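Coordinates in review
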Amino acid sequence: MGEESSPAAAPAVEVPSYFVCPISLEIMRDPVTLSTGITYDRESIERWVFTDGHGECPVTKQRLAPADREPTPNHTLRRLIQGWCAVHAVERFPTPRPPVDAARVAAIVDAARPLLRRRRQREELMASLRELADIVAESDRNRRCVQGASGAVEFLLSVVKERASVVGVDDATSAKPEETTCGGVHDPAKASSPEEAALSILHSLKLSEESFKRVLEGSGGEDFLETMACVLRRPSYLSRMQGIHLLKSALPAMAPARLTSASAALVDGVVGVVADRPSAKAVKVALHVLCRLCPWGRNRVKAVNAGAVSALVRLLLDEGCGGGGGGDRRACELAVVAIDHICGCAEGRLALVAHPAGLAVVSKRAMRVSPAATESAEMLAVGVVARLLFLVQVGASGERTRARAREMLKMHARVWRDSPCLASHLNASYPR
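As the structure is a computational prediction, the values presented were derived from the model and not from experiment. (Residues numbered from 1 in each chain as written. Predicted model: local features only at pLDDT ≥ 70, side-chain atom pairs only at ≥ 80, totals over all residues. Heavy atoms only, no water.)

What follows deals with empty space enclosed by the protein. By the definition in use, this model includes 1 cavity of 30 Å³ or more. Contributing to the lining of the largest cavity are Met28, Arg29, Pro31, Arg78, Ile81, Gln82 and Phe93. Counting residues per element, the lining of the largest cavity draws most heavily on helix H3 (residues 75–87), which supplies 3 residues. The residue makeup of the lining of the largest cavity, split by class, is 4 nonpolar, 1 polar and 2 charged. (1 Å grid on protein atoms, 1.4 Å probe; cavity = no way out; pocket = protein on both sides within 12 Å on 5 of 7 lines; lining within 4 Å. Points joined across faces, edges and corners; volume = space filled by probe spheres on them. Helix = DSSP H or I, 4+ residues; strand = E, 2+ residues; numbered from the N terminus. Nonpolar A, V, L, I, M, F, W, Y, C, P; charged D, E, K, R; others polar.)

Another point: the packing of aromatic side chains. Enumeration according to the criterion identifies 3 aromatic pairs in this entry. Centroid distance tyrosine 18 to phenylalanine 19: 4.9 Å. Interplanar angle 80°. Geometry classified as edge-to-face. Judged by its relative accessible area of 54%, tyrosine 18 is exposed. Centre to centre, the rings of phenylalanine 212 and phenylalanine 224 are 5.9 Å apart; their planes meet at 70°, and the pair counts as edge-to-face. On the criterion of sequence distance, the pair formed by phenylalanine 212 in helix H9 (residues 209–215) and phenylalanine 224 in helix H10 (residues 220–232) is long-range, its members being 12 residues apart. Comparing phenylalanine 212 with phenylalanine 224, the two get one shared label, buried. The ring of phenylalanine 50 has arginine 144 lying over it, and the distance from NZ or CZ to the ring centre is 3.2 Å. (Phe/Tyr/Trp six-rings, centres within 6.5 Å; stacked < 30°, edge-to-face > 60°. Buried < 20%, exposed > 50% of the residue type's maximum accessible area, 1.4 Å probe, protein only. Lys NZ or Arg CZ within 6 Å of the ring centre and 35° of its normal.)

Time to look at the environment of arginine 292. Positionally, arginine 292 belongs in helix H14 (residues 280–293). A C-alpha to C-alpha distance of 9.3 Å links arginine 292 and histidine 341, two positions 49 residues apart in sequence. Beyond its immediate sequence surroundings of up to four residues, arginine 292 is in contact with Leu251, Pro252 and Leu259. (Contact = heavy atoms within 4.5 Å.)

On to the nonpolar core. One finds Phe224 and Leu247 to be the most contacted residues of the largest nonpolar core, which totals 101 residues. Those residues in contact with phenylalanine 224 that lie beyond four places of it in its chain are Leu157, Phe212, Leu216, Leu246, Leu247, Ala250 and Met254. Counting 15 residues, the second-largest nonpolar core is a separate cluster that includes Cys21, Val49, Ile81 and Cys85. (Core = buried A, V, L, I, M, F, W, Y, C linked by side-chain atoms within 4.5 Å.)

Turning our eyes to something else, we now look at the layout of surface pockets. Considered as a void within the structure, the largest pocket measures approximately 740 Å³ in volume. Along the walls of the largest pocket sit 29 residues, with Asp30, Arg42, Glu43, Glu138 and Ser139 positioned nearest its centre. Mapped by element, the contributors of at least two residues to the lining of the largest pocket are helix H2 (42–51), H3, helix H5 (122–138) and helix H6 (140–148). Take the lining of the largest pocket: its biggest share by element is 5 residues, from H2. For the lining of the largest pocket, the class distribution of residues is 9 nonpolar, 6 polar and 14 charged.

Scanning all chains against the criterion turns up 17 salt bridges. We note a salt bridge from arginine 42 to glutamate 46, for which the minimum N-O separation is 3.1 Å. Here glutamate 46 and arginine 42 lie together in helix H2, a separation of 4 residues that amounts to about one turn. What makes arginine 42 buried here is its relative accessible area of 10%. Looking at glutamate 46, the relative accessible area reads 2%, which means it is buried. Ionic pairing is found between glutamate 195 and arginine 234, a salt bridge with its closest N-O pair at 3.8 Å. (Salt bridge = Lys/Arg side-chain N within 4 Å of Asp/Glu carboxyl O.)

It is worth spelling out the packing of helix H13 (residues 264–276) against H14 at this point. The geometry of H13 relative to H14 is characterised by a closest axis approach of 9 Å and an angle of 145° between their N-to-C directions. With respect to the hand of their crossing, H13 and H14 are arranged in left-handed fashion. Contacts between H13 and H14 involve Val270, Val271, Val273 and Val274 on the former and, on the latter, Ala282, Val283, Ala286, Leu287, Val289, Leu290 and Leu293. Across the contact of H13 with H14, the residue classes break down as 11 nonpolar, no polar and no charged. (Axes fitted to C-alpha atoms, helices over the stretch in contact; angles between N-to-C directions. Left-handed = near helix turned anticlockwise from the far one by under 90°.)

A few words now on the confidence of the model for the chain. Confidence in the prediction of the chain, expressed as mean pLDDT, is 79, and 77% of residues score 70 or more. Under a pLDDT of 50 for its full length, residues 167–185 has, in the predicted model, 23 contacts with residues more than four places off or in other chains. Every residue in residues 322–326 is under pLDDT 50, and counting partners more than four places away or in other chains gives 9 contacts. (pLDDT = per-residue confidence, 0-100.)

What follows is the structure, encoded as structure tokens:
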């Protein structure tokens, strides 16, 4: 009786090979053809070409010129697939919606722009942002269309800028813990405010370096950095995670002069992400940003004033960071490199030496991660060792500081005294 009622007893239907996408190996829902003559499912080939960044046809391996990367709909094959599904009682795929064009995106943006500063029309602005969010979420092609539409990215940034600073830093404790479980991914349709919706759309767009260069022209770069500084000070952990991802993506498109003029508020916001640790991924992204900012101008000093040394040492002191407990090895390596950058200024070296666990934890953790971190830590140690030897010899900071410096030098004598990076004159003055 069980066999008669089981759907598994029905004979399997063999799908024609030319109905199957060469990438997903499933029946094509929206068949499209590349200039090479090979047909794929739209979602699969657009992910291959645009999201994953491959520049060739997956089957023929032929390089695709930029003008040939947009696939052409194969309406004939789609009708054949739908007819075959009807004959064999297979669930039919709905006819795909036509892709959005730049004119429609521009119309939405033009209609929403006057609503930006009208507080009473907040719901109308939210409706426009939700419409943009639905367009972006529908397909990679729509995402690229919104990204390339004139004024769309600038409008979204203006929404974030106009309203991002409404909430003060003092309200940071009001962040909801559940917001940290999203890993930086958020549905803009569920956003509670226009700035959250706009920020989520910007995060979903995955802006290219070319898009950022267009946005950052002229005074746009300064406005963008100011906006990100406000976002990183918001109470919402989710907004801060999305903001730090945007900032990391934008940095390669910024000129050195722009990085040199980074505000103390921006650096403080980046350090705050490291200190608060909203998610493991956000911490690594923030460490990347910190390492990118520190070499320019007085950003090292700004990082020290923001408490970067203390935050980084606490990160390294974490039980699982770089040790044998399966912690995040990459985060530990980036933290060591960040400390290396910060110690390029006197304030950074002083902050590391002054921290009760600073020098010891850097030396201990560096040997457990990777050759890159070990090299950074060894070069860092040379500068710190010179500072400690100076304190021992001169004693200008008092007898207690002198004794503490001597104790640190003796504790690490086995490694530091024999280091090939240590100059001979420093080795001669090393306490025995």
